[in-house]
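The lines below spell out each chain.
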Amino acid sequence: MVHLDLYDVLAVAARVLRIDAGAVVRSTDLDAIDRALTAARAHNPGEVPEAAAVLFVGLVREQPFERDNRLVALAVLLQFLGLNGFDLRLEPGADLDDLFDRVADGRFGRWEIADFIRSVLSERSRPVWFEAVGDKEDAMFELFSDSARRAIVLAQEEARLLSHNYVGTEHILLGLIDEGGTAAKHLAEAGITAAAVRTVVLEIIGPGQTAPGDHLPFTPRTKRVLELTRTQARILGSEEFRPEHILLGLIAEGKGVAAQALAKLGADPVRLRRQITAETDLRQRTEDAVHGFLTEDAEHSGTYARSPHIRHRHLVTELTALLDENERLHSETADLREESTRLRKEVTRLRAKLRTHDIDPDT
Amino acid sequence: MAKEATKNILLRLDPELAERLQAIAQVEGRSVSDVAREAIAALVEQRRTDRRFSKLLEENLVRHEETLRRLRQDD
């Protein structure tokens, strides 16, 4: 299931309310939206009408927007359903006042709204983000995280920007950078920017000659990268495929335009791989530990049984900050070790040189 | 009814972003909340220019125009 995030909801609101991004951020209760989104995300995966209902009820009751809250709530609901491949069969000009009134005063909750949504739900031809991929890949992409899916959609956008009528490994690399998550962070640390990659890609293959069509197929090498993404995620014990796993897939494939661009820009694939693997492994173990701790805690005391998700998020956030600090310190230690090795070699070289001049370096 | 601009914005941001925002706020002598709101607005703008996202949104607004217009009038 593709969930909306805060920025998605605000983008819908800005469009519907006809105000700019700054105005919608200033005039909206962001915490209220966050609560509605968190509640929807906590719902069972795969149950789109239920998650949609939770989000809708949250927005209608919280009224986070400056005005036209009902209008925005319905537009957000339609966007959420659309991204997951659904639409609502509403009569033109349908009178939904009674429905909104019942939600607002508590007579209707998530179950009633989920029933309503089911009763008027229709399937779109396919989820919008799936337009980036072919039918054969659909099943595999079910396991991609929201951010990984976003990276794939952004890769397609990058291909279009370069007038390429296919999605190659180079576009996947650019999509990962544009997505801005963990993979992008590692690439930035290696000095890899989207602008630099685009320049190298244009040097290697140039822009396309014709405007690309609606569907951009994956190249065989990109399909190989996506297969390797699955392998890399499983090696690291992750059920979900994240952007960093795609980056590991790109590195493992090692021959496409993306690999060439990384090499030209001076990225060391071995070092990059080591950094991603170390961090991913640590994060996975930490999240597992936190999850285990919370389950045990809730079972024994019941203190946090009502909000394990919220507590989980806060704990993971705090631990992630600690891990980042830990990683920084490790990286500094590694640099010092490297410098020490270099100095030792220099001392050895100078000692040898002294001996060639018949000087004993130890006397 | 809209409330005042949100507080504790950092709770919603991942620690790396929070750290970066804190650094920017310190350098520019502004509050972290101000810088965070600016960053959120930039990300909202990014979504608005996302072709697929805006295409779906426009489709929805056109398909359900009458129902939505009715809500605008009633709200």
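Structure shown above.
Residues numbered from 1 in each chain as written. Chains lettered and ligands numbered in written order. Predicted model: local features only at pLDDT ≥ 70, side-chain atom pairs only at ≥ 80, totals over all residues. Heavy atoms only, no water.

Undergrad: Help me get a handle on the interface of chain A and chain B, residues and values and all.
TA: Accessible area lost upon the coming together of the parts is a frequently used measure of interface size. Listed by partner, the interface residues are 66 residues for chain A and 39 residues for chain B. Area buried by chain A at its contact with chain B is led by Tyr7(A), Arg15(A) and Gln79(A), which between them contribute 14% of it. Applying the counting rule to chain A against chain B returns 12 residue pairs in polar contact (both at pLDDT 80 or more). Listing elements by their share of the side of chain A that touches chain B, those giving two or more residues are helix H1 (6-17), helix H2 (21-27), helix H3 (30-41), helix H5 (69-83), strand S1 (86-88), helix H6 (97-104), helix H9 (146-161) and helix H17 (308-356) of chain A. A breakdown of the residues in the side of chain A that touches chain B according to their chemical character gives 29 nonpolar, 10 polar and 27 charged. (Contact = heavy atoms within 4.5 Å. Buried area = accessible area lost by both parts, 1.4 Å probe. Polar contact = N/O pair within 3.5 Å; in protein donor to acceptor, adjacent residues only side chain to side chain. Helix = DSSP H or I, 4+ residues; strand = E, 2+ residues; numbered from the N terminus. Nonpolar A, V, L, I, M, F, W, Y, C, P; charged D, E, K, R; others polar.)

Undergrad: Would you mind going over the environment of Ala75(A) in detail, with residue names and values included?
TA: As for its position among the elements, Ala75(A) is in helix H5. Residues Ala75(A) and Phe56(A), 19 residues apart in the sequence, show an inter-C-alpha distance of 9.8 Å. Excluding anything up to four places from it in sequence, Ala75(A) contacts Val12(A), Val16(A) and Leu68(B).

Undergrad: Requested: an account of the packing of aromatic side chains, with residues and values cited.
TA: All names here are of chain A. In the structure shown here, the tally under the stated rule is 2 aromatic pairs over all chains. An angle of 75 degrees between the planes, with centres 5.5 Å apart, marks the rings of Phe-144 and Phe-241 as edge-to-face. You can see Phe-144 sitting in the loop between helix H8 (135-141) and H9 and its partner Phe-241 sitting in the loop between helix H13 (220-235) and helix H14 (243-253), a full 97 residues away along the chain. The exposure class assigned to Phe-241 is buried, which follows from its relative accessible area of 0%. (Phe/Tyr/Trp six-rings, centres within 6.5 Å; stacked < 30°, edge-to-face > 60°. Buried < 20%, exposed > 50% of the residue type's maximum accessible area, 1.4 Å probe, protein only.)

Undergrad: Let's hear about the pattern of salt bridges: which residues, and what values?
TA: What the rule picks out here adds up to 26 salt bridges over all chains. Residue Asp87(A) pairs with Arg63(B) through a salt bridge whose shortest N-O separation is 2.6 Å. Pair noted here: Asp87(A) is in strand S1 and Arg63(B) is in helix H3 (residues 51-63), and the two residues belong to different chains. With relative accessibility at 45%, the residue Arg63(B) sits in the partly exposed group. For the salt bridge of Asp105(A) with Arg107(A), the shortest nitrogen-to-oxygen distance reads 2.8 Å. Among the ionic contacts, a cluster of salt bridges with common partners joins Asp5(A), Asp8(A), Arg150(A) and Arg47(B). (Salt bridge = Lys/Arg side-chain N within 4 Å of Asp/Glu carboxyl O.)

Undergrad: Mind laying out H14(A), listing which residues take part and the relevant values?
TA: All names here are of chain A. Most of H14 sits out of view: 10 of its 11 residues are buried. Listed as buried for H14 are Pro-243, Glu-244, His-245, Ile-246, Leu-247, Leu-248, Gly-249, Leu-250, Ile-251 and Glu-253. Immediately downstream of H14, the backbone of Gly-254 shows phi near 70 degrees, a positive value.

Undergrad: Go over unusual backbone geometry with me, naming the residues and quoting the values.
TA: Residues and elements named next belong to chain A. At Asp-68, a residue that is not glycine, the phi angle is positive and equals roughly 50 degrees. Along the chain, Asp-68 turns up in the loop between helix H4 (48-62) and H5. The phi dihedral of Ser-163 is positive, around 55 degrees, even though this residue is not glycine.

Undergrad: Can you explain H5(A)? Please cite residues and give values.
TA: Residue and element names in this part refer to chain A. Compared with the 21 Å implied by 1.5 Å per residue over 15 residues, the 21 Å span of H5 between its first and last C-alpha is a close match. Burial of H5 is extensive: 14 of the 15 residues sit out of reach of the surface. Just downstream of H5 lies Gly-85, where phi reads positive at about 90 degrees. (Expected span 1.5 Å × (residues − 1).)

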